[in-house]
Amino acid sequence: DAGVIQSPRHEVTEMGQEVTLRCKPISGHDYLFWYRQTMMRGLELLIYFNNNVPIDDSGMPEDRFSAKMPNASFSTLKIQPSEPRDSAVYFCASSPKGDEQFFGPGTRLTVL
Amino acid sequence: KQEVTQIPAALSVPEGENLVLNCSFTDSAIYNLQWFRQDPGKGLTSLLLIQSSQREQTSGRLNASLDKSSGRSTLYIAASQPGDSATYLCAVSSWSGGYNKLIFGAGTRLAVHP
């Protein structure tokens, strides 16, 4: 298995632009998580899905953030409009039964 | 509210030393505890997972212990090597809403020099 796949690996955009981050979880995993990592706040859970259904989005910082999981093999995290304070590394993780989590390589987002 | 603290924040040692990384958590009602490794610019790699009913787990030169009652875990690295240089993250989980919500510590940044 290739593990969790994220794209793009790096994204540089200008303030106000829409940003879409993509994730392909490990096949057969029922849970998918989106995290954000910054120097100031460390790793924070943004949202998680169980069987493609969003369960807990309490970590999503603002309405500018949205996440979807149209099928078991694909999820997106969208920021619209983006702001400089959104600059961070965004990780996607998946888990077979909600216990051990396996992380992707992350997307480093820079908003100018 | 669960809080996870890792000490020390950074560690620099010569090759060959045995190391101890510490993790403490405020709420002992955890489901499991996971140790991760993060290399610069990379994602997290799961090293060891200790269930709440377990006392320790071992993988190669790594040994993680868990004392739930005192809210502590330690990661032992035997005979450290330069390739061990990375940030080590501790995460505790609580079963909430049908899944394990992971709360991460800030990490210990380890440098092993030849």
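Reference entry: report on the structure contained in this document. (Residues numbered from 1 in each chain as written. Chains lettered and ligands numbered in written order. Predicted model: local features only at pLDDT ≥ 70, side-chain atom pairs only at ≥ 80, totals over all residues. Heavy atoms only, no water.)

**Focus on the overall build of chain B**
1) Next: A tally of regular secondary structure across chain B gives zero helices and 11 strands.
2) Next: Mapped from its N terminus to its C terminus, chain B presents α and β elements in the order β-β-β-β-β-β-β-β-β-β-β.
3) Next: Against the globule reference of 13 Å for 114 residues, chain B gives a C-alpha radius of gyration of 14 Å, in line with a compact fold.
4) Next: Its C-alpha atoms give chain B principal-axis dimensions of about 45 × 30 × 20 Å.
5) Next: The 114 residues of chain B split such that 43% are buried.
6) Next: Only carbon and sulfur atoms are counted for the fraction: they give 49% of the accessible area of chain B, which is about 5400 Å².
7) Next: Where the 9 positive side-chain charges of chain B centre and where its 8 negative ones centre are 6 Å apart. (Helix = DSSP H or I, 4+ residues; strand = E, 2+ residues; numbered from the N terminus. Rg over C-alpha atoms; globule rule 2.2 N^0.38 Å. Buried < 20%, exposed > 50% of the residue type's maximum accessible area, 1.4 Å probe, protein only. Areas by Shrake-Rupley, 256 points an atom, 1.4 Å probe, with all protein chains shown as cover. Lys, Arg positive; Asp, Glu negative; His and termini not counted. Charge placed at Lys NZ, Arg CZ, Asp CG, Glu CD.)

**So, the interface of chain A and chain B**
1) Next: Counting from both sides, the interface comprises 20 residues of chain A and, opposite them, 21 residues of chain B.
2) Next: Summing both sides of the interface, chain A and chain B together bury roughly 1400 Å²; the carbon and sulfur share of this comes to 54%.
3) Next: Of all residues in chain A, Leu43, Glu100 and Phe103 of chain A bury the most surface against chain B, accounting for 28% of the area lost on that side.
4) Next: Counting across the chain A and chain B interface gives three residue pairs in polar contact (both at pLDDT 80 or more).
5) Next: For the side of chain A that touches chain B, the elements supplying multiple residues, two or more each, are β4 (31–38), β5 (42–50) and β6 (53–56) of chain A.
6) Next: Examining the composition of the side of chain A that touches chain B, we find that four residues originate from one element, β4 of chain A, more than from any other. (Contact = heavy atoms within 4.5 Å. Buried area = accessible area lost by both parts, 1.4 Å probe. Polar contact = N/O pair within 3.5 Å; in protein donor to acceptor, adjacent residues only side chain to side chain.)

**Quick look at the environment of Pro14 of chain B**
Residue and element names in this part refer to chain B.
1) Next: Looking at the element boundaries, Pro14 is found in strand β2 (residues 10–14).
2) Next: With relative accessibility at 34%, the residue Pro14 sits in the partly exposed group.
3) Next: In this structure, the C-alpha to C-alpha distance between Pro14 and Pro114, residues 100 residues apart in sequence, is 6.0 Å.
4) Next: Filtering out sequence-adjacent residues up to four positions away, Pro14 remains in contact with Ser80, Val112 and His113.

**Some points on the sheet that holds strand β1 (residues 4–7) of chain B**
Residues and elements named next belong to chain B.
1) Next: If you walk across this open sheet you meet the five strands as β1-β3-β8-β7-β6, and the pairing is antiparallel. This sheet does not close on itself; its edge strands, each paired only once, are β1 and β6 (56–59). Put simply, the sheet's adjacent strands are angled 15° from each other on average, direction ignored. (Pairing = 2+ DSSP bridges. Axes fitted to C-alpha atoms, helices over the stretch in contact; angles between N-to-C directions.)

**Details of the state of the cysteines**
1) Next: Scanning the model with the defined rule gives two disulfides over all chains in all.
2) Next: Between the sulfur atoms of Cys23 of chain A and its disulfide mate Cys92 of chain A the distance is 1.9 Å. Around the S-S axis, the bridge from Cys23 of chain A to Cys92 of chain A shows a dihedral of about -65° and counts as left-handed. Taken together, the residues span a long stretch of sequence, with Cys23 of chain A in strand β3 (residues 19–24) and Cys92 of chain A in strand β9 (residues 88–95) at a distance of 69 residues. Cys92 of chain A carries the same exposure label as Cys23 of chain A, and that label is buried.
3) Next: The residue that forms a disulfide with Cys23 of chain B is Cys90 of chain B, at a sulfur-sulfur distance of 2.0 Å. Across the S-S bond linking Cys23 of chain B and Cys90 of chain B, the dihedral sits near -60°, which makes this disulfide left-handed. Of the two residues, Cys23 of chain B sits in strand β3 (residues 19–25) while Cys90 of chain B sits in strand β9 (residues 86–96), which places them 67 residues apart along the sequence. Neither Cys23 of chain B nor Cys90 of chain B differs from the other in exposure class; each is buried. (Disulfide = S-S within 2.5 Å.)

**What about the environment of Leu43 of chain A?**
1) Next: Here Leu43 of chain A lies in strand β5.
2) Next: Not counting residues up to four positions away in its chain, the partners in contact with Leu43 of chain A are Tyr35, Arg36, Gln37 and Phe91 of chain A together with Leu44, Leu89 and Phe104 of chain B.

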